[in-house]
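So the chains spell out like this:
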Amino acid sequence: MFSVGKRVLAMWPVEVEWWYPGVVTRIAGDQFEIQFDDGDRTTVSAGEILPLAIGVHSRVWGRFKGGPYYYPGTVSQQQADAIHINYDDGDQEWTTISMVRVHEGDLPQPGR
């Protein structure tokens, strides 16, 4: 399912309720080294990695205008890695998947 070079969502071990986009850079058994879009790297287990499935209707937390803080919203449009987020406070913007994170409670569930 996962291979080197595959885009994924992975749990950041220090913030176990947040999942971030990245790329698989190495696989050793059930351990996956992830290069996150922000440049950080870590190794996660098979249970801490998911296919990158951010698209229209996804709940995300975006870094509005590339700032340091994340705000909740819903993806309303997508063109490849470019996404349009309607933020809960009424703001909206076009940004990229690399500028978002997903809360554990908003991860895609099988059959959802």
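Look up: the structure comes first, before these words.
Here's what I pulled together on the structure shown here. (Residues numbered from 1 in each chain as written. Predicted model: local features only at pLDDT ≥ 70, side-chain atom pairs only at ≥ 80, totals over all residues. Heavy atoms only, no water.)

A short note on the pairing of strand 9 (residues 92-96)
Put simply, side chains in a regular strand alternate between the two faces of the sheet.
Inference 1: Only one face of strand 9 is covered, namely the face carrying Glu 93 and Thr 95; the face carrying Gln 92, Trp 94 and Thr 96 is uncovered.
Inference 2: Across five bridges, strand 8 (residues 82-87) lies against strand 9 in antiparallel orientation. If you follow Ala 82 over to strand 9, its bridge partner there is Thr 96.
Inference 3: Counting the residues between successive antiparallel strands, the hairpin from strand 8 to strand 9 contains four residues, one of them, Gly 90, with a positive phi of roughly 105°. (Buried < 20%, exposed > 50% of the residue type's maximum accessible area, 1.4 Å probe, protein only. Helix = DSSP H or I, 4+ residues; strand = E, 2+ residues; numbered from the N terminus. Pairing = 2+ DSSP bridges.)

What about the pairing of strand 8?
Inference 1: As judged from the six bridges shared by strand 7 (residues 70-79) and strand 8, these two strands associate in the antiparallel manner. Bridge pairing links Thr 74 to Asn 86 in strand 8.
Inference 2: The antiparallel hairpin formed by strand 7 and strand 8 contains two residues in its connecting segment, where Ala 80 sits at a positive phi of about 60°.

Some thoughts on the environment of Ser 3
Inference 1: Within the fold, Ser 3 resides in the segment before strand 1 (7-12).
Inference 2: Classification of Ser 3 by relative accessible area gives partly exposed; the value is 37%.
Inference 3: Distance in space between the C-alpha atoms of Ser 3 and Gln 35 is 13 Å, their sequence separation being 32 residues.
Inference 4: Residues within four places of Ser 3 in sequence aside, it is in contact with Val 24 and Ile 27. (Contact = heavy atoms within 4.5 Å.)

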